[in-house]
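Breakdown of the fold
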Amino acid sequence: MKPLAASLLAAMLAVPLAQAKLPPPPPEAQASAAQAKLKADWTSKVAAYQLCRSMDRVAESYRQNAKATGKEAKPPVPTPPCTDPGAFVEKPLEASGAHSPAATAATPPSSNATQAQIQGKTK
């Protein structure tokens, strides 16, 4: 009974440690994760397109074989046409915000005031 209580106590003490939060990933990692998600989404669309095309070919082959052997094939069920997702277009890093330029300055970078005047100090 004592070893069970000790292990239960150790597990209860470890729970707060497991709930610690990690810092947010840097912008480059977020951009690469977004790019990977886009690629995965495109890949799944391509797979669905290829599956749709293969099902159409199998159904057409079935109907042709049924006609050749003299059997009556049921008419095809109307389905939406297969849509080709096209080629994958990668977003350049600049478009993803990883290398965005600095914001436009509201004031000119130079002035007639000295550094001491800007900081409020006297010469």
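Residues numbered from 1 in each chain as written. Predicted model: local features only at pLDDT ≥ 70, side-chain atom pairs only at ≥ 80, totals over all residues. Heavy atoms only, no water.

Details of the overall build of the protein chain
Helix and strand content of the protein chain: four helices and zero strands. Ordering the α and β elements of the protein chain from the N terminus gives α-α-α-α. Within the protein chain, buried positions represent 5% of all 123 residues. (Helix = DSSP H or I, 4+ residues; strand = E, 2+ residues; numbered from the N terminus. Buried < 20%, exposed > 50% of the residue type's maximum accessible area, 1.4 Å probe, protein only.)

Here's the deal with the packing of aromatic side chains
With the rule as written, the count across this model stands at one aromatic pair. Consider the rings of Trp42 and Phe88, whose centres lie 5.6 Å apart with planes at 50°: the pair is tilted. With Trp42 in helix H2 (residues 27-69) and Phe88 in the loop between H2 and helix H3 (93-96), the pair connects residues that are 46 residues apart, well separated along the chain. (Phe/Tyr/Trp six-rings, centres within 6.5 Å; stacked < 30°, edge-to-face > 60°.)

Comments concerning a nonpolar patch on the surface
On the surface, Leu8, Leu9 and Met12 cluster together to form a nonpolar patch covering roughly 320 Å² of accessible area. You can see Leu8 is positioned in helix H1 (residues 2-18). (Patch = residues over 30% accessible without salt bridge, like charges linked within 9 Å, V, L, I, M, F, W, Y side chains within 5 Å. Areas by Shrake-Rupley, 256 points an atom, 1.4 Å probe, with all protein chains shown as cover. Salt bridge = Lys/Arg side-chain N within 4 Å of Asp/Glu carboxyl O.)

So, the state of the cysteines
Throughout the structure, instances matching the rule amount to one disulfide. Sulfur-sulfur distance for the disulfide between Cys52 and Cys82 comes to 1.9 Å. One quick way to see it: the torsion about the S-S bond of Cys52 and Cys82 is about -80°, and its sign makes the bridge left-handed. Of this pair, Cys52 sits in helix H2 while Cys82 sits in the loop between H2 and H3, placing them 30 residues apart in sequence. Given a relative accessible area of 17%, Cys52 falls into the buried group. (Disulfide = S-S within 2.5 Å.)

Section: the environment of Asp56
Note on placement: Asp56 falls in helix H2. Residue Asp56 is classed as partly exposed on the basis of its relative accessible area, which comes to 41%.

Structural notes on the pattern of salt bridges
For side chains of opposite charge, pairing can occur when their charged atoms come near one another. Following the criterion strictly, the structure yields one salt bridge and no others. Where Lys37 meets Asp41, a salt bridge forms, and the shortest distance between an N and an O atom there is 3.1 Å. Here the residue Lys37 and the residue Asp41 both occupy positions in helix H2, the gap between them amounting to four residues, near one helical turn. By relative accessible area, which is 53% here, Lys37 ends up exposed. Judged by its relative accessible area of 31%, Asp41 is partly exposed.

Some remarks on H2
For H2, which comprises 43 residues, the first-to-last C-alpha distance of 63 Å matches the rise-based estimate of 63 Å (1.5 Å per residue) to within 8%. Positive backbone phi, at 90°, marks Gly70, one or two positions downstream of H2. (Expected span 1.5 Å × (residues − 1).)

Here we look at the confidence of the model for the protein chain
The predicted model of the protein chain has a mean per-residue pLDDT of 81, with 75% of residues at 70 or higher. Between the elements of the protein chain, mean pLDDT differs from a low of 55, seen in H3, to a high of 94, seen in H2. (pLDDT = per-residue confidence, 0-100.)

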